[in-house]
Every structure is written in C-alpha cells, then in structure tokens.
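Single-letter residue listing:
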Amino acid sequence: MATFGSLAVVVLLVLNQLTIGGWRFLHGRARSPWLSVSAGTALAYVFVHLLPKLALSQQKLDGSLWVGAYGFWRNHLYLIALGGLAMYYCLDTLARRSVRRRELGRRAQRGSLILVVGVYGLYYLQLGYVVADVPRPGVGAYLLIAGVLSVHLMGINHGLRDLQPARYDSQLRWVYTASLVGGWLAGILTELKLETVSMLSAFIAGGIMYAAMREELPAHDSARLVPFVLGVTVTTLAILGLHWLQTTS
C-alpha cells in the first residue's frame, strides 16, 4: 500500500511539473487567484502539520546525547527551518537578479543560476523523500498529501518557470522531475535515522514557508485575500479531519 500510494502521488506531482507551461489560467496578465490558493495551502500545511510534527520529533531528540551535550542546539530543528527559509530567500533573490541582468543586456551571473538549480533540485529531492515517508500511510493520508503538494507545487513550478520559460520547458522541468523521483526512490529503498528525517523535514518546512510568502506577499497590490484564506481554511480542515480519523480508527 505504502509503495503504490506514494508512487501515485509522485506521478501526479511529476505531471504537475511537466505540464505547468500549458496551464493557461496561471499565465494571464492579471495574477491568478490560484497562486494565492497555493500560498494559503502551503502555509496551512506547514503550521498545522509540519511544525507540530517537528515539535514531536524535537521532544524525542531532546534526550539524545548530542542535544544534551550542546544545550544551545536544544531547538535546533527550528533553527534549521529558519535556515531553510533564509537560504531559499537568498537563492531566489540571486536568481531574479541574474534574470534582470540578462534582460538588461548585462552579463548574467551563471554561478547563481547553477546554485539555484542545485538547491531547488535538493528541494524537490526532499519532497520526494517526504512523499515516500508518509507516517501512518493510508488512502486518506495519500489523498491529503497529493492535494496539498499538487497545489503547492503549482505555485512553485509556476514561479520557477516564470523566471526562465524557455529553459524551464527545455531543461529544468526534467532536472526537477529527476530530483523528485530520485528523492522518492531514496525514501523507498533506504531508511534514515530519526535525526536525519527530522532535519530534512525542518529544512523543507522553511523552504515551503518562504515559497508561500513569496507568492502571497508580493511587492505590489495583486495579492488575492479571499483565495488565500480559502486555501488556508480548506487545508486546515482537511488536515485536522485526517488527524481525527487516524486517532479514532
């Protein structure tokens, strides 16, 4: 069940990546309200699911020798989440500056573009592993993660493609797809320690938070409040409902 369920989710996410260029409702002149739904969905997933999960992992790690020996790192999972947010912000800024330089006819910073491709490749790698490592796997859990990550990646893929449409369609979507599938295979074929899984989850939580804020807090007045609130509400209710079903079953 776990292998086939997670495989179905990965296939859905791969189709999202490969076909995002044809989603015309995202590419109009006006900012699509679906991007605000994507941001709201991602934030609700982080605050209602990922962060409580990190809190439980932190409790389990507090008794370990490593944490006990270095009390400063007692909240290291949250520091890692902050680091993920800061890193993705810096890399996204570098990428956008490089694109603007190229548009102005200046020499593009090739190194920053390679770095962004590599780090977002890592981001997709981690997402693939998260899909393969779903706790309490079941139909409800896979439906939830498929819905949340599909809407979330809609915004991520749209943003990455918007930076470099031609390069994304010809090369980058395949690179990110390979990263996603590679992460899923790693999750299926290997079993990492609790510390490693917790750190990956913390880092990716920071990345999701930044991606959501980037989509919903732009430097202009195009944000859509109602779709954003709708995304937060529906996702929160879905996660809480799934948790309730898991605890009562």
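Owing to the predicted nature of the structure, the values given are computational and were not obtained by experimental measurement. Every chain is numbered independently, its residues counted from 1 as its sequence is written. The model is predicted, so local features are restricted to residues of pLDDT at least 70 and side-chain atom pairs to those at 80 or more, both for listing and for counting; the totals for chains, interfaces and linings are taken over all residues. Side-chain calculation: all heavy atoms of the structure are included, whereas hydrogens and water are not.

1. Regarding the overall build of the protein
Argument step 1. Scanning the protein for helices and strands turns up nine helices and zero strands.
Argument step 2. Helix and strand labels come from DSSP, where a helix needs a run of H or I of at least four residues and a strand needs a run of E of at least two; each type is numbered from the N terminus. The helix and strand sequence of the protein, counted from the amino end, reads α-α-α-α-α-α-α-α-α.
Argument step 3. Put simply, of all contacts in the protein between residues at least 6 apart along the chain, 81% involve residues at least 24 apart.
Argument step 4. Counting only carbon and sulfur atoms, one obtains 67% of the accessible surface of the protein, whose full area is about 12,900 Å². For this analysis, residues touch if any pair of their heavy atoms sits within 4.5 Å. Values of accessible area rely on a 1.4 Å probe in the Shrake-Rupley scheme; residue burial ignores everything except the protein chains shown.

2. Quick notes on the nonpolar core
Argument step 1. Residue types Ala, Val, Leu, Ile, Met, Phe, Trp, Tyr and Cys, when buried and joined through side-chain atoms within 4.5 Å, form a set referred to as a nonpolar core. Working definition: with a 1.4 Å probe on protein chains only, accessible area under 20% of the residue-type maximum means buried, over 50% means exposed, and in between means partly exposed. Core analysis: the biggest nonpolar cluster contains 56 residues, and Tyr45, Tyr123, Tyr124, Leu127, Val131 and Ile145 have the highest contact counts within it.
Argument step 2. Setting aside residues up to four positions removed in sequence, Leu127 forms contacts with Leu149, Leu153, Leu180 and Ile204.

3. Regarding the pattern of salt bridges
Argument step 1. The rule for a salt bridge is simple: a side-chain nitrogen of Lys or Arg has to be within 4 Å of a carboxyl oxygen of Asp or Glu. Scanning the model with the defined rule gives one salt bridge in all.
Argument step 2. Here Arg161 ties to Asp169 by a salt bridge, and the two come within 2.9 Å at their closest N and O atoms.

4. Some points on the environment of Trp23
Argument step 1. Topologically, Trp23 is positioned in the loop between α1 (2-19) and α2 (33-61).
Argument step 2. Relative accessible area serves as the criterion here: at 22%, Trp23 is assigned to the partly exposed category.
Argument step 3. In this structure, the C-alpha to C-alpha distance between Trp23 and His158, residues 135 residues apart in sequence, is 9.2 Å.
Argument step 4. Setting aside residues no more than four positions away along its own chain, Trp23 makes contact with Asn16 and Met154.

5. With respect to the environment of Ala202
Argument step 1. Structurally, Ala202 can be placed in helix α8 (residues 194-216).
Argument step 2. For Ala202 and Leu85, which are 117 residues apart along the polypeptide, the C-alpha to C-alpha distance reads 9.9 Å.
Argument step 3. Sequence-distant contacts of Ala202, that is, excluding residues within four places in its chain, are made with Leu54, Leu77, Ile80 and Ala81.

6. Here we look at empty space enclosed by the protein
Argument step 1. Lining residues are defined by having an atom within 4 Å of a point belonging to a cavity or pocket. Those points lie on a 1 Å grid over the protein atoms alone, cavities being sets where a 1.4 Å probe fits but cannot get out and pockets being open sets with protein on both sides within 12 Å along at least five of seven lines. Grid points are joined across faces, edges and corners, and a volume is the space filled by probe spheres set on the points. Taken as a whole and assessed by the stated rule, the structure comprises four cavities of 30 Å³ or more.
Argument step 2. Approximately 60 Å³ is the volume found for the second largest cavity.
Argument step 3. Forming the boundary of the second largest cavity are Leu50, Lys53, Tyr129, Val130, Asp133, Val197, Leu200 and Ser201.
Argument step 4. Basically, the charged four are Asp, Glu, Lys and Arg, the nonpolar ten are Ala, Val, Leu, Ile, Met, Phe, Trp, Tyr, Cys and Pro, and anything else, Gly included, counts as polar. Of the residues in the lining of the second largest cavity, the class split is five nonpolar, one polar and two charged.

7. A look at helix α7 (residues 165-189)
The periodicity of an α-helix, 3.6 residues per turn, causes residues three or four places apart in sequence to face the same way.
Argument step 1. Each helix should span, by expectation, one fewer than its residue count multiplied by 1.5 Å. Given a rise of 1.5 Å per residue, 25 residues ought to cover 36 Å, and the 34 Å separating the end C-alpha atoms of α7 matches this to within 8%.
Argument step 2. Along its length, α7 reaches its greatest deviation from straightness, about 50 degrees, at Gln171.
Argument step 3. Along α7, the positions that sit buried rather than exposed are Tyr168, Leu172, Tyr176, Thr177, Ser179, Leu180, Gly183, Trp184 and Gly187. One fitted axis covers the seven residues ending at a residue, a second covers the seven starting there, and the bend at that residue is the angle between these axes.

8. Points about the confidence of the model for the protein
Argument step 1. In this model, the protein carries a mean pLDDT of 78, and residues with pLDDT of at least 70 account for 77%.
Argument step 2. On a range of 0 to 100, pLDDT expresses the predictor's confidence in each residue. In the model of the protein, helix α3 (residues 65-69) stands out as the element of lowest mean pLDDT, 49, in contrast to α7, which has the highest, 90.

9. Looking at the packing of helix α6 (residues 139-163) against α7
Argument step 1. What counts as an axis is a line fitted to C-alpha atoms, over the stretch in contact for a helix, and the angles between N-to-C directions run from 0 to 180 degrees. Taken N-terminus to C-terminus, the directions of α6 and α7 make an angle of 135 degrees; their axes are 8 Å apart at the nearest point. The orientation of α6 with respect to α7, classified from their angle, is oblique. As α6 runs across α7, the sense of the crossing is right-handed. Contacts between α6 and α7 involve Asn157, Leu160, Arg161, Asp162 and Leu163 from the first element and Pro165, Tyr168, Asp169 and Tyr176 from the second.
Argument step 2. For the contact of α6 with α7, a count of residues per class yields five nonpolar, one polar and three charged. With respect to orientation, any angle under 35 degrees is reported as roughly parallel, any angle over 145 as roughly antiparallel, any angle of 65 to 115 as roughly perpendicular, and every other angle as oblique. Crossing handedness is read from the near helix: turned anticlockwise from the far helix by less than a right angle, it gives a left-handed crossing, and turned clockwise, a right-handed one.

10. Looking at the packing of aromatic side chains
Argument step 1. Aromatic rings from Phe, Tyr and Trp, taking only the six-membered ring of Trp, are treated as a pair when their centres fall within 6.5 Å; an angle between ring planes under 30 degrees marks them as stacked, one over 60 as edge-to-face, and anything in between as tilted. Within this structure, the stated rule accounts for seven aromatic pairs.
Argument step 2. Taking 6.1 Å as the distance between ring centres and 65 degrees as the angle between the ring planes, the aromatic pair formed by Tyr120 and Tyr123 counts as edge-to-face. Note that Tyr120 and Tyr123 are positioned in helix α5 (residues 110-132) at a spacing of three residues, about one turn of the helix.
Argument step 3. Overall, the relative accessible area of 2% leaves Tyr120 in the buried class.
Argument step 4. Their ring planes at 40 degrees and their centres at 6.4 Å tell us that Tyr168 and Tyr176 sit as a pair that is tilted.
Argument step 5. Three or more aromatic residues link up through ring pairs in this structure, and these residues are Tyr120, Tyr123, Tyr124, Tyr168 and Tyr176.

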